[in-house]
Amino acid sequence: FSREGDLIRELKALPVDVNEIVKVKFLHIETLSLIGPAFGAVALSLILGLSFLEALVVFVVGALTLTFLNILQMIIDSIKPILEWENPQRAMKQNVNVALSIPVVFGYVGGLGYLAFLLKDTISGTVMTIILTAIALVGIVVTWPILIKRANRLFARDL
């Protein structure tokens, strides 16, 4: 939402529901984010010789995890967006929301990575994959309504 700047007023004036605006913004972010899991799955396939099914699992779990993290980042940005800026680059450089998102992302990835390292001898890779997938799915289900609620509050404010 910070990237919109003053143009968020124009978004508010559109005869479109806030939920649709959030979905479109989310799809834009998600499309760009999916490049990472796609290239990661291809790279792991080439390096480790993964089968197509294994590469597909890597992509799906990565995509679900990124979806959850993208929703969290959008929630953070919807709470206090930076709407006053001269150009989009300056908006991103001055945006404190990025500094708030970094510990969330690194904490999630680092925490689960460390947990997987600790449990690597006691839990199979399949079970770890199922746990990661479940955490991401539960996270998506829990945080999506929060994002919609926060975005509705943002668009209801007098900007």
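Look up a bit, the structure's there.
Trainee: What is the right way to read the overall build of the protein chain from this model?
Mentor: Secondary structure summary: the protein chain contains 7 helices and 0 strands in total. Along the chain direction, N to C, the helices and strands of the protein chain fall in the order α-α-α-α-α-α-α. Within the protein chain, buried positions represent 33% of all 159 residues. Residue pairs at least 24 apart in sequence account for 81% of intrachain contacts in the protein chain once pairs closer than 6 positions are excluded. For the protein chain, the accessible surface area stands at approximately 9,900 Å², while carbon and sulfur atoms represent 72% of it.

Trainee: When you look at the nonpolar core in this model, what are you seeing that I'm missing?
Mentor: It is characteristic of soluble globular proteins that their nonpolar side chains tend to be buried jointly. One finds Val 22, Ile 71, Tyr 108, Leu 147 and Phe 155 to be the most contacted residues of the largest nonpolar core, which totals 23 residues. Secondary-structure elements contributing two or more residues to this core are α1 (8-13), α2 (18-33), α4 (52-79), α6 (96-119) and α7 (125-156). When neighbours within four sequence positions are excluded, Leu 147 is seen to be in contact with Val 22, Ile 71, Met 74, Ile 75 and Ser 78.

Trainee: Please explain the pattern of salt bridges as it appears in this structure.
Mentor: Close approach of charged atoms allows side chains with opposite charge to pair. Per the counting criterion, the structure on display carries 1 salt bridge. In this structure, Lys 23 and Glu 20 form a salt bridge, with 3.5 Å as the shortest nitrogen-oxygen distance. Remark: Glu 20 and Lys 23 occur in helix α2; sequence separation between them is 3 residues, near one turn of the helix. Exposure remark for Glu 20: the relative accessible area of 38% places this residue in the partly exposed category.

Trainee: Would you explain the packing of aromatic side chains in this entry?
Mentor: Given two aromatic rings, one states the distance between the centres and the angle between the planes to describe the pair. Counted under the stated rule, the structure contains 2 aromatic pairs. The interplanar angle of 70° and the centroid separation of 5.3 Å between the aromatic rings of Phe 26 and Trp 144 together place this pair among those described as edge-to-face. Of this pair, Phe 26 sits in helix α2 while Trp 144 sits in helix α7; the two residues are 118 residues apart in sequence, bridging distant segments of the chain. Looking at Phe 26, the relative accessible area reads 10%, which means it is buried. Overall, the relative accessible area of 24% leaves Trp 144 in the partly exposed class.

Parameters at a glance
- Every chain's residues receive numbers from 1 upward, in the order its sequence appears when written.
- A pLDDT threshold of at least 70 governs which residues receive local features in this predicted model, and a stricter bar of 80 or more applies before side-chain atom pairs are shown or counted, although totals over entire chains, interfaces and linings include all residues.
- Computation of side-chain values: all heavy atoms of the structure, hydrogens and water removed.
- Labels follow the DSSP assignment, with helices taken as runs of H or I lasting at least four residues and strands as runs of E lasting at least two, numbered in each case from the N terminus.
- Burial classes follow relative accessibility: with a 1.4 Å probe on protein chains only, a residue under 20% of its type's maximum area counts as buried, one over 50% as exposed, and anything between as partly exposed.
- The contact definition used throughout considers only heavy atoms, calling two residues in contact when any of these lie within 4.5 Å.
- Here the accessible surface of atoms and residues is derived via Shrake-Rupley with a 1.4 Å probe, and residues count as covered only by protein chains that are part of the display.
- Definition used in this section: a nonpolar core is a set of buried Ala, Val, Leu, Ile, Met, Phe, Trp, Tyr and Cys residues joined via side-chain atoms within 4.5 Å.
- We define a salt bridge as a side-chain nitrogen of Lys or Arg found within 4 Å of a carboxyl oxygen belonging to Asp or Glu.
- Each Phe, Tyr or Trp ring, with Trp reduced to its six-membered ring, pairs with another whose centre is within 6.5 Å; inter-plane angles below 30 degrees give stacked pairs, above 60 give edge-to-face pairs, and intermediate values give tilted ones.

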